[in-house]
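Below, each chain spelled out in residue letters.
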Amino acid sequence: MTTEEPLGPDEIERYRRHIVLAEIGGAGQQRLKNAAVLVIGAGGLGAPVLQYLAAAGIGHIGIVDDDTVSLSNLQRQVIHGTDAIGLSKIESAEAAIAAINPHVRVTGFRTRFTPEAAPGLLAGFDLLIDGSDNFETRYAAADAAEAARLPLVTGAVGRFDGSLTVLKPWETDPDGRLNPGYRDLFPQAPPPGVVPSCAEAGIVGALTGVIGTLMAMEAIKVVTGAGEPLIGRLMLYDGLAARFDVMRYRRRRQ
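Residues numbered from 1 in each chain as written. Predicted model: local features only at pLDDT ≥ 70, side-chain atom pairs only at ≥ 80, totals over all residues. Heavy atoms only, no water.

A.B. asks: Outline the overall build of the chain, listing residues and values.
C.D. replies: On a plain count of helices and strands, the chain comes out with 10 helices and eight strands. By the compact-globule yardstick of 18 Å for 254 residues, the chain fits well, its C-alpha radius of gyration being 18 Å. By its C-alpha atoms, the chain is 55 × 50 × 40 Å across when sized along the principal axes. Look at the contacts in the chain between residues 6 or more apart in sequence, and 66% of them connect residues 24 or more apart. Only carbon and sulfur atoms are counted for the fraction: they give 55% of the accessible area of the chain, which is about 12,200 Å². If the 24 positive side-chain charges of the chain are averaged to one point and the 29 negative ones to another, these points end up 5 Å apart. (Helix = DSSP H or I, 4+ residues; strand = E, 2+ residues; numbered from the N terminus. Rg over C-alpha atoms; globule rule 2.2 N^0.38 Å. Contact = heavy atoms within 4.5 Å. Areas by Shrake-Rupley, 256 points an atom, 1.4 Å probe, with all protein chains shown as cover. Lys, Arg positive; Asp, Glu negative; His and termini not counted. Charge placed at Lys NZ, Arg CZ, Asp CG, Glu CD.)

What follows is the structure in structure tokens.
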């Protein structure tokens, strides 16, 4: 957790539309302020996640990214502007977050999220959000979050399609069964080269906004306790057909 300092008068006014919601209220907004959330990636998915978490009043946001802003990023990575080309994505995102909400503290980690680095990166955070674009990082994030017993919001996009889910595999469902983990949903990564990258296959920029915003929504639900997070459920979005589907999945490991 990041802070127990109560909401100030300007924060109460800033978050008034949250506070009047019975599902969030003042207590929920205080939980958002007290929360520390680590986000992997300040790219297509990370951009809307960071923007909406900052606007929502998450007290401490960590960003893991080792890349710099390039011109080809700007079609979808909307937290970065043209004047940020050449800057580290962390530096650019930190400036954007400061402009959105001065009450948010940002910690940048200019590195890759690896199994070796994971324990140090996760220390002090309450929730992990994975907006990475490769399977190696996704599995590393899932394994590390499960080991640390941190909730994980993870999403993926490609061309016109996207998906997201929430993982708490150390907890049980209402029937007393352990919740599924990432490897119950995806037991192993596909062989290299089978799934083309966004650079190879292309991606519509607004798709990352759809999925990234939903990831931020799930994070807000997890932190505040509002609603039913996508635990044991995979949400699928078909942008061309304008259709959402939800698939349930269960734990397969013993």
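Read on, since the account is not over.
A.B. asks: Can you explain the layout of surface pockets? Please cite residues and give values.
C.D. replies: Empty space left among the atoms is revealed by rolling a probe the size of a water molecule over them. Of the pockets and cavities examined, the second largest pocket occupies roughly 370 Å³. In this structure, the second largest pocket is lined by 17 residues; those nearest its centre are D173, P174, N179, I231 and R248. Its residues assigned to classes, the lining of the second largest pocket shows six nonpolar, three polar and eight charged. (1 Å grid on protein atoms, 1.4 Å probe; cavity = no way out; pocket = protein on both sides within 12 Å on 5 of 7 lines; lining within 4 Å. Points joined across faces, edges and corners; volume = space filled by probe spheres on them. Nonpolar A, V, L, I, M, F, W, Y, C, P; charged D, E, K, R; others polar.)

A.B. asks: A description of the pattern of salt bridges should follow, citing residues and the corresponding values.
C.D. replies: Pairing between side chains becomes possible if they bear opposite charge and their charged atoms approach one another. Applying the stated criterion across every chain, the model contains 13 salt bridges. Of the charged contacts in the structure, one is a salt bridge between K33 and E11, with a shortest N-O distance of 2.9 Å. Taken as a pair, K33 in helix α3 (residues 25-34) and E11 in helix α1 (residues 9-14) lie far apart in primary sequence, 22 residues in all. Judged by its relative accessible area of 9%, K33 is buried. The salt bridge involving D245 is made with R243; its shortest N-O contact spans 3.2 Å. Note on R243: relative accessible area 42%, which makes it partly exposed. Among the ionic contacts, a cluster of salt bridges with common partners joins D173, D175 and R177. (Salt bridge = Lys/Arg side-chain N within 4 Å of Asp/Glu carboxyl O. Buried < 20%, exposed > 50% of the residue type's maximum accessible area, 1.4 Å probe, protein only.)

A.B. asks: I'd like a rundown of the side chain of S163, residues and numbers included.
C.D. replies: Tracing the chain through its elements places S163 in strand β6 (residues 161-167). For S163, a relative accessible area of 16% translates into the label buried. Those residues in contact with S163 that lie beyond four places of it in its chain are T154, G155, A156, I211, L234, M235 and L236.

A.B. asks: Can you lay out helix α10 (residues 205-224) for me, pointing to particular residues and giving the numbers?
C.D. replies: Helix length check: α10, at 20 residues, gives a terminal C-alpha distance of 29 Å against a target of 28 Å (1.5 Å per residue), a fit within 8%. Burial runs high along α10: 14 of the 20 residues are buried. Positive phi appears at G225, one or two residues downstream of α10, with a value of about 85°. (Expected span 1.5 Å × (residues − 1).)

A.B. asks: Give me the sheet that holds strand β4 (residues 127-130): which residues, what numbers.
C.D. replies: Across the sheet, which stays open at both edges, the eight strands sit in the order β3-β2-β1-β4-β5-β6-β7-β8 with mixed pairing between neighbours. Where the open sheet ends on each side, the last strands, each with one partner, are β3 (105-109) and β8 (243-248). Going from strand to strand, the sheet's axes swing by 15° on average, the running direction of each strand aside. Relative to β8, strand β7 (residues 233-238) runs antiparallel, the two being bridged by six bridges. Note on β8: the bridge partner recorded for L234 is M247. The strands touched by helix α4 (residues 46-56) are β1 (36-40), β2 (60-64) and β4; relative to β1, the strand with the most contacts, the crossing angle is about 165°. (Pairing = 2+ DSSP bridges. Axes fitted to C-alpha atoms, helices over the stretch in contact; angles between N-to-C directions.)

A.B. asks: How would you explain the pairing of β3 if you had to name every residue and give the values?
C.D. replies: In this sheet, β3 lies alongside β2 in parallel orientation, the contact comprising five bridges. By the bridge assignment, I61 is partnered in β3 with V106.

A.B. asks: Now, about empty space enclosed by the protein: what can you tell me, with residues and values included?
C.D. replies: Taken as a whole and judged by the stated rule, the model has one cavity of 30 Å³ or more. The wall of the largest cavity is formed by 13 residues, among which A142, E146, L167, P169 and Y182 lie closest to the centre. Looking at the lining of the largest cavity residue by residue, the classes come out as eight nonpolar, one polar and four charged.

A.B. asks: Quick rundown of the environment of L38? Include the residues and the values.
C.D. replies: Tracing the sequence through the fold places L38 in strand β1. Taking the C-alpha atoms as reference points, L38 and A123, 85 residues apart in sequence, are found 9.7 Å from one another. Excluding residues that lie within four positions of it along the chain, L38 makes contacts with G62, I63, V64, F109, F113, L121, L122, F125, L127, L128 and I129.

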